[in-house]
2 protein chains.
Amino acid sequence: MNRTNLNILDMKVAPLRVKVAHMLREEITSGRLPLGSQISEQSIAEDLQISRTPVREAIMSLAVEGLVDVRPQSGTYVFGPDPDEIVSICQMRLVLESAALKILAKSDHKEIFVQTLVDNVRQAAKALSVNLEECHQLDTAFHRALIEASENPFLIQSYHGISNRLHALRQLLPFTKTRLNAALKQHRQLIAAIKQNDIKGAQSIIEEHIANVEAMLLERLDKPRGSHTVIRSRGSKRA
Amino acid sequence: MNRTNLNILDMKVAPLRVKVAHMLREEITSGRLPLGSQISEQSIAEDLQISRTPVREAIMSLAVEGLVDVRPQSGTYVFGPDPDEIVSICQMRLVLESAALKILAKSDHKEIFVQTLVDNVRQAAKALSVNLEECHQLDTAFHRALIEASENPFLIQSYHGISNRLHALRQLLPFTKTRLNAALKQHRQLIAAIKQNDIKGAQSIIEEHIANVEAMLLERLDKPRGSHTVIRSRGSKRA
């Protein structure tokens, strides 16, 4: 477990359990702690030179978020999705993003939100040749901005309920310029459709986008790479 | 506060905080504790002859569910929705029920789920002349069954996030045979549309159903009745 680029003292005012949860969340969503891998409360406490209590509390809060599985008599593991869970997450993502698009099209604040999306795509296009990690983060931010455009706290909260897992799952996707460029192209098409009030067109772009991601994720589950061999695979529905 | 029909000893094995939370949830969703009314940790503890700790813990868990507001330096209140919150809840309800309908139409288990809905409507029709409270509960159960038919744990969990508040809000609706009969009629139309795979038809029935409820709720906020005068009303967007 590589902790070189985290500094637990950065969040000075937060309680220790919150700092530890933040650190572990970063480790999981970045892929430094691979999906399905076992995590040890004791070794984390030793590494960080803190007591086990805040580590245990952090793990409990990550369990509530669905990022770790605490299995009695076995241990604590980074969540390792099965194909059914991937299908359910992608289906829910489509429900929420598709609803957000419909709401955005009728919003009084449409222009402001569209401008946020336009700015995001401009930044991502710049990052594409320079910093793939930044481009990747801008991709995540694009979808979050779309959800926030709904201005519905219940919809935003529901997306939050799947977003950390979604973010962690992205470590299974090919991390290439080609894929990020394709995503960027779809984001541009989406903005054009929203501007023209073409809700159906926008929804079908989102549908295709999410279907692509789902297919790539399901394929990856059947072909674990390197340290990802711990992922439980029950065989894909779509195989 | 009338506690005649609750028996805290019924849930023998649950921790005290869970029993108290269950009791308060029942009081709120049934309307015995009106929306917006203040609740006192101390008087609940005294009435139940228990210490304040489990009462405080129960109130915290109801705050997470959105059923109570804990306002520092002021007190604890049953949630008192403003028009914006009602609009957001109804919008989210439409997003989730509409998505569930679409998923149900393509489900391998469609027949089983439709049978559950048919049985519910049959029971509700029987209850209509005998027991309006039972009919009301069957109405709630119909919509929950529709959501469960999605078989998507994330969608079901999101609905759970609004369902207690939805249930509590129903105390603002006219509690009449006429309204329940109208709901029953819409449920029958919905089942017919699902059977015919008419997703758009089914979705527009749900849309009309939820729009009616929303309109009634917004109207009620502007015209508080009896003990409901504590509701904060910022004036309805739709007025």
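Quick notes on the rules
Residues numbered from 1 in each chain as written. Chains lettered and ligands numbered in written order. Predicted model: local features only at pLDDT ≥ 70, side-chain atom pairs only at ≥ 80, totals over all residues. Heavy atoms only, no water. Helix = DSSP H or I, 4+ residues; strand = E, 2+ residues; numbered from the N terminus. Buried < 20%, exposed > 50% of the residue type's maximum accessible area, 1.4 Å probe, protein only. Pairing = 2+ DSSP bridges. Contact = heavy atoms within 4.5 Å. Axes fitted to C-alpha atoms, helices over the stretch in contact; angles between N-to-C directions. Buried area = accessible area lost by both parts, 1.4 Å probe. Salt bridge = Lys/Arg side-chain N within 4 Å of Asp/Glu carboxyl O. Polar contact = N/O pair within 3.5 Å; in protein donor to acceptor, adjacent residues only side chain to side chain. Nonpolar A, V, L, I, M, F, W, Y, C, P; charged D, E, K, R; others polar. Phe/Tyr/Trp six-rings, centres within 6.5 Å; stacked < 30°, edge-to-face > 60°. Lys NZ or Arg CZ within 6 Å of the ring centre and 35° of its normal.

Student: Please explain the environment of B:Leu67 as it appears in this structure.
Tutor: All names here are of chain B. Its place among the elements puts Leu 67 in the loop between helix 3 (52–64) and strand 2 (68–71). For Leu 67, a relative accessible area of 0% gives the class buried. Along the chain, Leu 67 and Tyr 77 lie 10 residues apart, while their C-alpha atoms are 8.8 Å from each other.

Student: What is the right way to look at the sheet that holds strand 2 (residues 68–71) of chain A in this model?
Tutor: All names here are of chain A. One open sheet accounts for 3 strands, arranged 1-3-2; its pairing is antiparallel. A strand with exactly one partner marks an edge of an open sheet, and here the two such strands are strand 1 (38–39) and strand 2. In the sheet, strand 1 pairs with strand 3 (residues 75–78) via 2 bridges, with the strands oriented antiparallel. Within the sheet, the bridge partner assigned to Gln 38 lies in strand 3 and is Tyr 77. Against the sheet, helix 3 (residues 52–64) engages strand 2 and strand 3, with an angle of about 110 degrees to strand 2.

Student: So what exactly am I meant to see when it comes to the interface of chain A and chain B here?
Tutor: Bring the parts together and some accessible area is lost; that lost area is often taken as the interface size. With 17 residues of chain A in contact, the opposing surface of chain B contributes 17 residues. Summed over both partners, the interface of chain A with chain B comes to about 1400 Å²; 66% of that surface belongs to carbon and sulfur atoms. In this structure, the connection of chain A to chain B is made through 0 salt bridges. Our enumeration of links across chain A and chain B arrives at 5 residue pairs in polar contact (both at pLDDT 80 or more). Sorting the residues of the side of chain A that touches chain B by element identifies helix 4 (83–105) and helix 7 (153–169) of chain A as the ones contributing at least two each. In terms of residue count, helix 4 of chain A provides more of the side of chain A that touches chain B than any other element does, 9 residues in total. Grouping the constituent residues of the side of chain A that touches chain B by class yields 10 nonpolar, 4 polar and 3 charged.

Student: Would you explain the pairing of strand 3 (residues 75–78) of chain B in this entry?
Tutor: Side-chain direction in a regular strand flips from residue to residue, so the side chains alternate between the two faces of the sheet. Residue and element names in this part refer to chain B. Side chains Gly 75 and Tyr 77 of strand 3 all project onto a buried face; the interleaved residues Thr 76 and Val 78 project onto the opposite face, where all are buried too. Of the pairings in the sheet, the one linking strand 2 to strand 3 comprises 4 bridges and is antiparallel in character. Residue pairing for strand 3: Val 70 is matched across the bridge by Thr 76. Taken together, strand 2 and the strand that follows it, strand 3, pair antiparallel across an intervening segment of 3 residues, in which Gln 73 is found at a positive phi of about 60 degrees.

Student: Explain the packing of aromatic side chains here, please?
Tutor: For any pair of aromatic rings, the description rests on two quantities: the centre-to-centre distance and the angle between the ring planes. Here the structure, examined in full by the defined rule, presents 0 aromatic pairs over all chains. Its end group placed over the ring of A:Tyr77, A:Arg71 keeps NZ or CZ at 4.0 Å from the ring centre.

Student: Even after reading the chapter, I still don't get the sheet that holds strand 1 (residues 38–39) of chain B, so can you show me in this structure?
Tutor: Within a beta sheet, neighbouring strands are joined by backbone hydrogen bonds and run either parallel or antiparallel to one another. Residue and element names in this part refer to chain B. Read from one edge of the open sheet, 3 strands run 1-3-2, paired in antiparallel fashion. Strand pairing shows two members of the sheet lacking a second neighbour, strand 1 and strand 2, which therefore form its edges. Set on the sheet, helix 3 makes contact with strand 2 and strand 3; between it and strand 2 the angle comes to about 110 degrees.

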